[in-house]
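Fold and contact review
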Amino acid sequence: MQWNSLVTQLFGAFHGMRAVDDFLQGDVMFDGEPLAVVGTTNHAPIGVKLALAQARVVLDVIERHPGRPILLLIDTQGQQLRRRDELLGINRAMAHLGAAIDLARRRGHRVIGLVYDQALSGGFITSGLIADACYALPDAEIRVMRIPAMARVTKLSEEKLTALSQSNPVFAPGVQNYVAMGGVRSLWQGDLQAALRDALANTPTEDLRARDGAERGGRRLAAAVVQRVLDAA
Amino acid sequence: MISYAECSARERLALLLDPGSFHEWLPPSERVTSPHLALLGVPCAFDDGVAIGRATLAGREVFVAAQEGAFMGGGVGEVHGAKLVGLLQRAQRDRPTAVLLLAESGGVRLHEANAGLIAVSEVMRALLDVRAAGIPVIVLIGGANGCFGGMGIVARCADRIVMSDVGRLAMSGPEVIEASHGVEEFDARDRALVWRTTGGKHRFLTGDCDVLVEDDVAAFREAAIASLDQPTPLTPATLEIEHAMLDRRLRALPSEESLGPLGDEAIALWGALGIADPQQVPELTVEAVRALRAGQPGA
């Protein structure tokens, strides 16, 4: 979905959000309360500059508007694959963004992630995946790698990977797989305002993804292994 | 002097911690392995490539994890990631003096990519919980596989990074960037360029590595001991300082146009950050590089 269409559905035609290149930002009103929105569009590659721009918004919200909820709008092709970004320490810029979002959560800001178009790897770890919880639209795409590329890297046949992906969500792209594994809390279908309202009211602040993954059958081991470590003699 | 880079994960644990003090949780005898690799017909490791447990360091209790680079490049899968999360949650509960993470990883294990990606973000959240509880998390980087991908982000979520000059810390590996944007963008076979871009000296001079050591297990041990009592809380103020530092660095790097085809970006960046005689850095000893930053105001 186009970001403009999404925020119009969520916040009305006079939402006041703007895009500067691939960067989205705005302070909107939702149910009569202010809400900070930050994100990316055009399948943006997240480089140092874009990570810092998002972190700036989050730090400003913490400083100026204690407790104001934050909505992260996610559309990214992943991290910027450039030597300059690596030289500049893109991993630290990403960690900085993640730490800023994490700090916002700890200081009582509700932080909701929404994959409205595409989410890949590095661009996703320090946005939606470090929010209180991440949601997605049904036609969004989430992946680390497509099956053909995975086949090349792992030197396994595409047929085998495709067959296995029918029963195991670990292998193939898709929002449903991320829901099954607990990485996405749920899909927003139908009335998007109702979905956001519900997310703001009911999203847990603890990390329940491993438990969800076990209950939904998509990631059966993670929660149990964590518990075994906690219980080990 | 014993090379840290050449040790296995378990050799590092044996040599770095107080002798005989490492007590492992979910050891290989319990065979907690990856079911996904088994489905693919790929060999498993009985520890899924990471050893976790408690130990003492200079007589004080620490929790520790060591990733084994020889198994799938230290890649994080469902079980591997859950062991790290479990260790960090246990640290929050039991409050050891510190948590040590001997990181060696290419990031998400692509054979179980979706689970690995979620797992890395769970590790991040659990690590930041430990930090918020005032328990320092210290990351040691010096393995032959470096610390890349999601683990490169996790590493920089920690309080401190200790690195050797042969250690590498980054997000995307040079090969990935070369495959994506061509050899003109990043020649992965140019070892000197790779080290200037991702190596310990570079990360130390820009401030992304806190302690630079020789490739020596004893030096890593000493640096880890010195880091035990240095928790660095994450607050709005400390994040503003980090933000200003990253912003300054971004502005300091000259544009590709102004550098010209023969200019080297790493050397130009070091110079712009105030390092004297930056072109000499690749030839300098670890000790000499440490002295360079000693004169820098918060590199």
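Residues numbered from 1 in each chain as written. Chains lettered and ligands numbered in written order. Predicted model: local features only at pLDDT ≥ 70, side-chain atom pairs only at ≥ 80, totals over all residues. Heavy atoms only, no water.

**Quick look at the overall build of chain B**
Quick note on the threshold: Secondary structure elements follow DSSP: runs of H or I no shorter than four residues count as helices, runs of E no shorter than two count as strands, and numbering proceeds from the N terminus. Our radius of gyration is a C-alpha quantity, and the globule rule it is checked against amounts to 2.2 Å times the number of residues to the power 0.38. Pairs of residues are marked as contacts when any of their non-hydrogen atoms sit within 4.5 Å. Exposure was quantified through the Shrake-Rupley algorithm and a 1.4 Å probe, taking into account, for residues, occlusion by the shown protein chains and nothing else.
Regarding its fold elements, chain B presents 13 helices and 7 strands. Relative to the compact-globule value of 19 Å for 299 residues, chain B shows a C-alpha radius of gyration of 19 Å, a close match. In terms of its C-alpha atoms, chain B occupies a principal-axis envelope of roughly 55 × 45 × 40 Å. Within chain B, counting contacts between residues at least 6 apart in sequence, those at least 24 apart form 70% of the total. Just so you have it, chain B exposes about 10,500 Å², and 54% of that area is on carbon and sulfur atoms.

**A closer look at the overall build of chain A**
So the rule is basically this: Burial here depends on accessible area, computed with a 1.4 Å probe over protein chains only, as a share of the maximum for the residue type. Under 20% is buried, over 50% is exposed, and the range in between is partly exposed. Note on charges: Lys and Arg go in the positive column, Asp and Glu in the negative column, and His and the chain ends are not counted at all. All charge positions are set by atom: Lys at NZ, Arg at CZ, Asp at CG, Glu at CD.
Across its full length, chain A holds 11 helices and 10 strands. Relative to the compact-globule value of 17 Å for 233 residues, chain A shows a C-alpha radius of gyration of 18 Å, a close match. Counting every position in chain A, which comprises 233 residues, the buried fraction comes to 63%. For chain A, contacts bridging at least 24 residues in sequence account for 66% of all contacts bridging at least 6. Working note: accessible area of chain A is about 8,900 Å², and carbon and sulfur atoms make up 47% of it. Charged side chains of chain A number 26 positive and 24 negative; the gap between the two group centres comes to 6 Å.

**Topic: the nonpolar core**
Nonpolar side chains in soluble globular proteins tend to be buried together. To keep it simple, the criterion reads: In this description, a nonpolar core means a group of buried Ala, Val, Leu, Ile, Met, Phe, Trp, Tyr and Cys residues linked to one another through side-chain atoms lying within 4.5 Å.
One finds Ile 70, Val 115, Phe 124 and Ile 142 of chain A together with Val 99 and Ile 141 of chain B to be the most contacted residues of the largest nonpolar core, which totals 136 residues. Discounting residues that sit within four places of it in the chain, Ile 70 of chain A has contacts with Leu 35, Ala 36, Val 38, Val 58, Val 61, Ala 104, His 109, Arg 110, Val 111 and Ile 112 of chain A. Listed in part, the 26 residues of the second largest apolar core include Val 62, Ala 98, Ile 138 and Leu 140 of chain B.

**A closer look at the packing of helix H3 (residues 78-94) of chain B against helix H4 (residues 113-132) of chain B**
Residues and elements named next belong to chain B. The condition is simple: Where helices are involved, their axes are fitted lines through C-alpha atoms of the stretch in contact, as for all axes, and angles between N-to-C directions lie from 0 to 180°. Throughout this description, any angle smaller than 35 degrees is read as roughly parallel, any larger than 145 degrees as roughly antiparallel, any in the 65 to 115 degree range as roughly perpendicular, and the remainder as oblique. It is the rotation of the near helix from the far one that decides the hand of a crossing: anticlockwise by less than a right angle makes it left-handed, clockwise makes it right-handed. Throughout this entry, Asp, Glu, Lys and Arg are counted as charged residues, while Ala, Val, Leu, Ile, Met, Phe, Trp, Tyr, Cys and Pro are counted as nonpolar. The remaining residues, Gly among them, count as polar.
Where H3 meets H4, the axes come as close as 9 Å, and the angle between the chain directions of the two elements is 10°. Considering their axes alone, H3 and H4 lie roughly parallel with respect to each other. As for the relative orientation of H3 and H4, their crossing is left-handed in sense. Where H3 abuts H4, its residues Glu 78, Gly 81, Leu 84, Val 85, Leu 88, Ala 91 and Gln 92 lie against Ala 115, Ala 119, Glu 122, Val 123, Ala 126, Leu 127, Asp 129 and Val 130. Of the residues belonging to the contact of H3 with H4, the class tally is 10 nonpolar, 2 polar and 3 charged.

**What to know about the packing of aromatic side chains**
Geometrically, a pair of aromatic rings is defined through the distance of the ring centres and the angle of the planes. Rule in force here: Aromatic rings from Phe, Tyr and Trp, with only the six-membered ring used for Trp, were paired whenever their centres fell within 6.5 Å, and each pair was classed as stacked if the ring planes differed by under 30 degrees, edge-to-face if by over 60, and tilted otherwise. Here, over-ring charges are defined by two tests on the NZ atom of lysine or the CZ atom of arginine: distance to the ring centre within 6 Å, and angle to the ring normal within 35 degrees.
Using the criterion set out here, one finds 4 aromatic pairs over all chains in the structure. Pairing Tyr 135 of chain A with Trp 188 of chain A gives two aromatic rings, centres 5.5 Å apart and planes at 40°, and the pair type is tilted. Taken together, the positions of Tyr 135 of chain A in strand S9 (residues 133-136) and Trp 188 of chain A in the loop between helix H8 (175-180) and helix H9 (192-202) put the pair 53 residues apart, joining distant regions of the chain. Comparing Tyr 135 of chain A with Trp 188 of chain A shows no difference in burial state: the two are buried. On the basis of an interplanar angle of 85° and a centroid distance of 5.1 Å, the ring pair of Trp 25 of chain B and Phe 63 of chain B is categorised as edge-to-face. With a gap of 38 residues between them, Trp 25 of chain B in strand S1 (residues 23-25) and Phe 63 of chain B in strand S3 (residues 60-67) connect regions that are remote in the sequence. Given the relative accessible area of 2%, Phe 63 of chain B is considered buried. If you follow Arg 12 of chain B out to its NZ or CZ, it ends over the ring of Tyr 4 of chain B, 4.4 Å from the centre. The ring of Trp 25 of chain B has Arg 90 of chain B sitting right over it, with the charged end atom 3.9 Å from the ring centre.

**Thoughts on the sheet that holds S3 of chain B**
Residues and elements named next belong to chain B. Selection criterion: The pairing criterion is simple: DSSP has to find at least two bridges between the two strands.
The mixed open sheet is built from 7 strands, whose spatial order is S1-S2-S3-S4-S5-S6-S7. Across the chains shown, the open sheet's two edge strands, defined by having one partner strand only, are S1 and strand S7 (211-213). The average undirected angle you get between the axes of adjacent strands in this sheet is 25°. In this structure, strand S2 (residues 50-57) lies alongside S3, joined through 8 bridges in antiparallel fashion. Bridged to Thr 56 within S3 is Glu 61. The strands touched by helix H1 (residues 9-16) within the sheet are S1, S2, S3, strand S4 (98-103) and strand S5 (137-141), with S3 carrying the most contacts at an inclination of about 160°.

**Considerations on the interface of chain B and chain A**
Put simply, the rule is: By convention, the term buried area covers the 1.4 Å-probe accessible surface removed from two parts as they join, with the contributions of both added. By convention in these notes, a salt bridge is any Lys or Arg side-chain nitrogen within 4 Å of a carboxyl oxygen on Asp or Glu. The term polar contact refers here to a pair of N or O atoms within 3.5 Å; inside protein, the definition further demands a hydrogen-donor-capable atom paired with an acceptor-capable atom, and it admits residues adjacent in sequence only when both atoms are side-chain atoms.
Across the contact, 82 residues belong to chain B and 76 residues belong to chain A. When chain B packs against chain A, close to 6,900 Å² is buried across both sides, 64% of that on carbon and sulfur atoms. Of all residues in chain B, Asn 114, Leu 117 and Arg 125 of chain B give up the largest surface area on contact with chain A, accounting jointly for 12% of the area buried on that side. At the boundary of chain B and chain A, one finds 10 salt bridges. Notably, a salt bridge pairs Arg 84 of chain A with Glu 265 of chain B, separated by 2.7 Å at the nearest N-O pair. Taken together, the links from chain B to chain A amount to 43 residue pairs in polar contact (both at pLDDT 80 or more). In terms of residues, the side of chain B that touches chain A owes the most to one element, H4 of chain B, which gives 13 residues.

**What about the sheet that holds S9 of chain A?**
Residues and elements named next belong to chain A. Pairing within the open sheet is mixed, and its 6 strands lie in the order S1-S2-S3-S5-S7-S9. The strands lining the two open edges of the sheet, one partner per strand, are strand S1 (18-20) and S9. Each strand axis lies, on average, 20° off the axis of its neighbour in the sheet, ignoring direction. Two elements, strand S2 (residues 23-30) and strand S3 (residues 33-40), share 8 bridges in a ladder whose sense is antiparallel.

**Overview of the side chain of Asp 48 of chain B**
Residue and element names in this part refer to chain B. Locating Asp 48 in the fold gives a position in the loop between helix H2 (35-40) and S2. A residue is classified by how much of its surface remains accessible, and Asp 48, at 0% relative accessible area, is buried. Within polar-contact distance, the side chain of Asp 48 engages the backbone nitrogen of His 80 at 2.8 Å.

**Here's the deal with the packing of helix H11 (residues 222-231) of chain A against H3 of chain B**
Closest axis-to-axis distance for the H11 of chain A/H3 of chain B pair is 8 Å, and the angle between their directions is 40°. By the angle class used here, H11 of chain A and H3 of chain B are oblique. Like other packed secondary-structure pairs, H11 of chain A and H3 of chain B cross with a definite hand, here right-handed. For the pair H11 of chain A and H3 of chain B, contact is made by Ala 222, Val 225, Val 226, Val 229, Leu 230 and Asp 231 of chain A and by Glu 78, Val 79, Ala 82, Lys 83, Val 85, Gly 86, Leu 87, Gln 89, Arg 90 and Arg 93 of chain B, respectively. Looking at the contact of H11 of chain A with H3 of chain B residue by residue, the class counts come to 9 nonpolar, 2 polar and 5 charged.

Read these as layout, nothing more, since geometry by itself doesn't imply function.
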